[in-house]
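Results of the structural survey
Each chain is listed here by its residues.
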Amino acid sequence: MRNILQAMFGKRSVVVSSPTAVRATLPMFPFAAQPEDAYPGQVSSAEPLQGVCPVCGMPCSFERFTENLRESGFCSSCGSFNRQRQLAHVLRRQCGLRAAGAMVFPQDFVIYNTESNGAMHTQLSVASGYLCSEYFGEEYERGQDVDGRRHEDLQNLSFGDASIDLVLSSDVLEHMPDPYRAHSEIFRVLRPGGRHIFTVPFNAQAAHDDIRAKFVDGQIVYLADKQFHGDPVRPDEGILVWTIFGLEMLVRLADIGFQPFAWNLFQPDEGIVGSYSLVFEARKA
Ligand SMILES: [Zn+2]
């Protein structure tokens, strides 16, 4: 695993001052110029991989990969799919956990997971400092219990300042009108030294974010074709994609005060394959 931004800029810390500056570095950006088939990551759906799952830490096989590589290849032990394992790989690595076995955190370590279902949730829910939520709709109060689950709006969190060590989000930030307000909120609730490890739909060849919808006078205005992603909380309708992120995201994270990092993973022995295994980390110094 290597930090792509370090690959771009050597040992200097992140130097992303503006989208224009980022655009100038695009030819150096390892995942920008890489043709799809240059990666050895294409797997046949008929071929399970063997290895150790970074989510559950167990030896297992990764089965039933489909064309949607990010969301398939299920762990025979915990049911995790590729994208969840990408997040878990970076989490274990950056939080200094062992690569195998259960994830064990210090007693006072506070984790906030922005979803309350799925393989990661199941593994993390035994940790003493574990918090999780869902977004149920604007009619609920932040922090409110909704049928046994906590409601939170990432753009307006109920948590106190500097109260959390680790925030996790996996394809969540694209589903809100103001993702940078959410990043600012996450910055506020993180303790110094804390981190937000996350995935989002990301176009490394785009300098700017692709804003697909926005609020104008309380109404949603669509600037591009409507896209919806599957959502366990809304299985029938799905959830709207407001933003596909570009390199601008890294600049804006730095503007908020984060140190941004980007990891492009390829770990077939952990069930992490494909040409698009990007995990981001926003660190609060
Ligand atoms: Zn597993």
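As the structure is a computational prediction, the values presented were derived from the model and not from experiment. (Residues numbered from 1 in each chain as written. Predicted model: local features only at pLDDT ≥ 70, side-chain atom pairs only at ≥ 80, totals over all residues. Heavy atoms only, no water.)

A word on the coordination of the zinc ion. With distances of 2.3 to 2.4 Å, the protein atoms coordinating the zinc ion are Cys53 (SG), Cys56 (SG), Cys75 (SG) and Cys78 (SG). What the four donor atoms of the zinc ion show is an angle range of 105 to 112° at the metal, which sorts the shape as tetrahedral. Sequence spacing among the residues donating to the zinc ion works out to C-x2-C-x18-C-x2-C. Linking Cys56 in the loop between β1 (49-52) and β2 (59-63) with Cys78 in the loop between β3 (74-75) and α3 (82-94), this pair joins segments that are 22 residues apart in sequence. (Donors = N, O, S within 2.8 Å, 3.2 Å for Na, K, Ca; no water. Tetrahedral: all angles 85-135°; square planar, octahedral: opposite > 155°, others 65-115°. Helix = DSSP H or I, 4+ residues; strand = E, 2+ residues; numbered from the N terminus.)

Now for helix α5 (residues 179-189). When we look at burial in α5, the residues that qualify are Pro179, Tyr180, Ala182, His183, Glu185, Ile186 and Val189. Buried-residue contacts for α5 involve β8 (164-170), β9 (190-199), β15 (243-244), α6 (248-256) and β16 (258-264). (Buried < 20%, exposed > 50% of the residue type's maximum accessible area, 1.4 Å probe, protein only. Contact = heavy atoms within 4.5 Å.)

Chain-level pLDDT for the protein is 85 on average; 84% of the residues reach the 70-or-more range. The low-confidence segment residues 6-41, where pLDDT is below 50, has 53 contacts with residues more than four positions distant or belonging to other chains. (pLDDT = per-residue confidence, 0-100.)

So, about the packing of aromatic side chains. What the rule picks out here adds up to 10 aromatic pairs. Here Arg252 stacks its cationic end above the ring of Tyr180, 3.9 Å away from the centre of that ring. The ring of Phe261 is capped by Arg283, whose NZ or CZ atom sits 4.0 Å from the centre of that ring. (Phe/Tyr/Trp six-rings, centres within 6.5 Å; stacked < 30°, edge-to-face > 60°. Lys NZ or Arg CZ within 6 Å of the ring centre and 35° of its normal.)

As a further point, take the pairing of strand β11 (residues 213-216). Sheet topology places β11 next to strand β12 (residues 219-222); four bridges connect them, and they run antiparallel. Bridge pairing in β12 links Lys214 to Val221. Hairpin remark: β11 followed by β12, antiparallel, with two residues in the connecting loop; positive phi at Asp217, about 50°. (Pairing = 2+ DSSP bridges.)

Contact geometry of α5 with α6 gives a least axis separation of 10 Å together with a crossing angle of 40°. By the angle between their axes, α5 is oblique relative to α6. Crossing handedness for the pair α5 and α6: right-handed. Facing Tyr180, His183, Ser184 and Phe187 of α5, the residues of α6 in contact are Glu248, Met249, Arg252, Leu253 and Ile256. In terms of residue class, the contact of α5 with α6 is made up of five nonpolar, two polar and two charged. (Axes fitted to C-alpha atoms, helices over the stretch in contact; angles between N-to-C directions. Parallel < 35°, antiparallel > 145°, perpendicular 65-115°, else oblique. Left-handed = near helix turned anticlockwise from the far one by under 90°. Nonpolar A, V, L, I, M, F, W, Y, C, P; charged D, E, K, R; others polar.)

A word on the sheet that holds β2. Taken in spatial order, the three strands line up as β1-β2-β3 in an open sheet, and their pairing is antiparallel. Of all the strands in the sheet, the pair left with one neighbour each is β1 and β3.

What links the strands of a sheet is backbone hydrogen bonding, and the strands pair in either a parallel or an antiparallel sense. Taken in spatial order, the six strands make up an open sheet running β5-β4-β8-β9-β17-β16, and their pairing is mixed. Every interior strand has two partners, whereas the edge strands, β5 (130-132) and β16, have only one. Neighbouring strand axes in the sheet, compared pairwise and without regard to direction, differ in orientation by 15° on average. The sheet contacts of α3 involve β8, β9, β16 and β17 (278-284), and relative to β9 the element is tilted by about 155°. Across the sheet, α6 is in contact with β9, β16 and β17; its angle to β16 comes to roughly 150°.

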